[in-house]
Amino acid sequence: MAAPEELSGAQVIAGALREQNVRYMFGIVGIPVIEVAMAAQAAGIKYIGMRNEQAACYAASAVGYLTGRPGVCLAVSGPGLIHALGGMANANMNCWPVIVLAGSSDQNQETMGAFQEFPQVEACRLYSKFSTRPSSLESIPAVIEKAVRSSIYGRPGACYVDIPGDMVTSKIQTASLRTVPCCLRAPVAMAVPQAVTEAASIIKNAKRPLVIIGKGAAYSRAEDNIRKLVNMCGLPFLPTPMGKGVVPDNHLSCVSAARSRALQNADVILLLGARLNWILHFGHPPRFHPDVKIIQVDLCAEELGNNVKPVAALLGDVNAVVEQLLECFRINPWTYPPNCEWWLYLREKIKGNEEVSKALAAQKSLPMNYYTVFHNIQALLPEDCIIVSEGANTMDIGRTMLHNYLPRHRLDAGTFGTMGVGLGFAIAAALIAKDQNQHQRVICIEGDSAFGFSGMEVETMCRYSLPIVVIVVNNNGIYSGLDEDTWKEMSKLGDTAIVAPPISLLPNAHYEQVMSAFGGKGYFVQTPEELQKALVVCLADQKMPSLINVMIDPSSDRKKQDFTWLTRSNM
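Presented here is an overview of the structure given in this document. Think of each chain on its own: its residues are numbered from 1, step by step along the sequence as written. Since the coordinates come from a predicted model, pLDDT governs what is reported: local features require at least 70, and pairs of side-chain atoms require 80 or more to be given and counted, while whole-chain, interface and lining totals use all residues. Excluded from the side-chain calculations are hydrogens and water; all other atoms, namely the structure's heavy atoms, are used.

1. Structural notes on the state of the cysteines
Formally: In plain terms, two cysteine sulfur atoms within 2.5 Å form what is called a disulfide here. Relative accessibility under 20% of the residue-type maximum defines a buried residue, over 50% an exposed one, and the middle range a partly exposed one, all with a 1.4 Å probe and only protein chains included.
Taken as a whole and assessed by the stated rule, the structure comprises zero disulfides. Here cysteine 183 is not disulfide-linked; the sulfur of cysteine 182 is the nearest cysteine sulfur, at 5.0 Å. For cysteine 183, a relative accessible area of 8% gives the class buried. Of all cysteine sulfurs in the structure, the one in cysteine 462 sits closest to cysteine 538, which takes part in no disulfide; the separation is 12 Å. Here cysteine 538 falls in the buried class, since its relative accessible area comes to 3%.

Encoded structure:
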């Protein structure tokens, strides 16, 4: 079939994305980008129509993390793009590649007060690595290539391409268009050999070593080499939330159940693709030993030495640098003693914390607590399932009780602590699973407050027949809530806008009916037996999504912590 003599701007955009091996597009169409979505579908790109641009951007960024190739968020001009900015900021903070395309007002109407006119390129510079508008139809392929390349090279992140409405519908002669080949994979950098040798020597001389595995290690596909390192050297390791599964959570060297003790007492820490930000308490006392030696592995030079000066700074791709460390230990084999005082000290804490969690999970009182709920969920989850989680206690307790055995199989609020990401992430994960492994399940575990941010995306799940299992852990509030009787009594005292605690939500809300409204299955459960029965049925259904609304005690909380969850730096 002969190529058409003319192409529209929309077709040029779609063809350029396809040439760059982009496979997924999420968005909400309207003037002036409807034609872009249609052209993308004609080019073989899957278009997923979402219910909010923010959720669309979350989904597109999750595709970038899970596949290493950015997804696209397509938005209309003005408010549509503004809605997507939250997803762009989240992607940039998480270092996930994503491309945002948004329509804008016609070029000949600039500064005239055009429909939804907004300084979009300028606004997006705050939230992206690269923000631009093509100067002509001829330049679109080169701009798209640069946006994709910029999103995955160096520290990954968000890139923005602005498309004026008149450019979408304009025509160009095919002969005038220059095809830009697909950009190469991101180059892999290795650390300076002398620094690697020095790091290996510091590890060998450690009395209380610890490996911290971050999501940067998961993104770099470093799992095989990190597992070899942990096994060869017998090192205790601690995954960050999205570093879970790089080495399986049930590995004997995993010290997640003794997190505070491990961080507080380690004298040498090998930091693999993790940042010493708020999640790791900035690397400062009292959460870390004041004399701890940090060996930092990161692909971003600016990150090295942030908050704590490392004794060895290994600039490079995590996978490549760990391979370099392995070579050092192959030449001069070394294993950390498995029965030394440090291991005994960590195992004592692991055993104590696990016993406390088991006791909480075994409680028979109703309403259930978090630990009982997660204990019953964990017992039924397939080992290869992707777990998406957000919320306060729902996410934090779930990290400790729901295990990951494979890399990139946990998605949560991440570096930016963003609520509302869950359903968008789950949709992206389910689409990829549908294309690559149809039997893999996606389990999206939400607090009731977190579910409210993007709950209408259950319609998206139903429309595309994505068999996601959504579990809402419902405590009637943000952090905690009120039971139904207390709510009724309080309501008698006056206007609920005045007397209701700001953290409270409507008691016993039937979120499962939202799923049922669109053709999915909904379950309202109040006991462990009802939860198990519903989850078995949901996991067996591989055609449609389902939602289990799990009622728990509104006052249920985490077990006693050594420290508050959020560290405020005094330095």
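2. With respect to a nonpolar patch on the surface
For the record, the criterion: Each patch is assembled from residues with relative accessible area greater than 30% and no salt bridge, linking like charges that lie within 9 Å and nonpolar side chains (Val, Leu, Ile, Met, Phe, Trp, Tyr) that lie within 5 Å. Where accessible areas are quoted, they stem from the Shrake-Rupley method and a 1.4 Å probe; at the residue level, only the protein chains shown are allowed to cover. Whenever Lys or Arg places a side-chain nitrogen within 4 Å of a carboxyl oxygen from Asp or Glu, that contact is recorded as a salt bridge. What counts as a helix is a DSSP run of H or I of at least four residues, what counts as a strand is a run of E of at least two, and both are numbered from the N terminus.
Residues Val29, Ile34 and Met38 make up a contiguous nonpolar surface patch of roughly 250 Å² in combined accessible area. Looking at the secondary structure, you find isoleucine 34 in helix 2 (residues 34–42). Given the relative accessible area of 37%, isoleucine 34 is considered partly exposed.

3. Details of the side chain of serine 389
The condition is simple: In the analysis that follows, any N or O atom pair within 3.5 Å is treated as a polar contact, provided that within protein one partner can donate a hydrogen and the other can accept it, and provided that, for residues neighboring in sequence, both atoms belong to side chains. By definition, residues are in contact when any of their heavy atoms lie within 4.5 Å.
Looking at the secondary structure, you find serine 389 in strand 14 (residues 386–390). Reaching out from serine 389, the side chain makes a polar contact with the backbone oxygen of isoleucine 445 at a distance of 3.4 Å. Not counting residues up to four positions away in its chain, the partners in contact with serine 389 are Thr394, Met395, Arg410, Leu411, Asp412, Ala413 and Ile445.

4. Some remarks on the packing of helix 14 (residues 370–378) against helix 15 (residues 393–401)
Angle between the axes and distance between the axes are the two parameters that describe a pair of packed helices. Rules: Simply put, an axis is a line fit to the C-alpha atoms, just over the touching stretch for a helix, and the angle between two N-to-C directions goes from 0 to 180 degrees. What sets the label is the angle itself: under 35 degrees gives roughly parallel, over 145 gives roughly antiparallel, 65 to 115 gives roughly perpendicular, and the rest give oblique. Two helices that cross are described as forming a left-handed crossing if the nearer one is turned anticlockwise from the farther one by less than a right angle, and a right-handed crossing if clockwise.
Between helix 14 and helix 15, whose axes approach to 10 Å, the crossing angle comes to 50°. Between helix 14 and helix 15, the angle falls in the class oblique. Crossing of helix 14 over helix 15 shows right-handed handedness. Between helix 14, through Tyr370, Tyr371, Phe374, His375 and Gln378, and helix 15, the contact on the second element is made entirely by Asn393, Thr394, Ile397, Gly398 and Met401.

5. Regarding the pattern of salt bridges
Within the structure shown, the criterion is met by 16 salt bridges. We note a salt bridge from arginine 463 to glutamate 459, for which the minimum N-O separation is 2.8 Å. You can see arginine 463 and its partner glutamate 459 sitting in helix 18 (residues 457–463), four residues apart, about one turn around the helix. The exposure class assigned to arginine 463 is partly exposed, which follows from its relative accessible area of 38%. We classify glutamate 459 as buried; its relative accessible area is 15%. The network of salt bridges with common partners includes Asp396, Arg399, Arg410 and Asp412.

6. Here's the deal with the sheet that holds strand 5 (residues 98–104)
Stated precisely, the cut-off is as follows: Pairing between two strands requires that DSSP report at least two bridges joining them.
Here we have six strands laid out as an open sheet, ordered 3-2-4-5-7-6, and parallel in their pairing. Edge positions in the sheet fall to strand 3 (46–49) and strand 6 (130–132), since each of these pairs with one other strand and no more. With strand direction ignored, the average angle separating the axes of adjacent strands in the sheet is 20°. One ladder, built from five bridges, connects strand 4 (residues 71–75) with strand 5; its direction is parallel. By the bridge assignment, glycine 71 is partnered in strand 5 with valine 98. Each of strand 2 (24–27), strand 3 and strand 4 is contacted by helix 2, which is oriented at about 155° to strand 2, the strand it contacts most.

7. Remarks on the pairing of strand 5
Formally: When the strands point away from the viewer, a crossover counts as right-handed if the route from the first strand across the helix to the second turns clockwise.
Where burial is concerned, most of strand 5 is hidden: seven out of the seven residues are buried. By the alternation rule, side chains of strand 5 split into Val98, Val100, Ala102 and Ser104 and Ile99, Leu101 and Gly103, which are all buried. Note on the crossover from strand 4 through helix 4 (residues 79–94) to strand 5: the handedness is right-handed. Of the strand pairs in this sheet, strand 5 and strand 7 (residues 158–164) are connected by seven bridges, and their pairing is parallel. Paired with valine 98 across the bridge in strand 7 is alanine 158.

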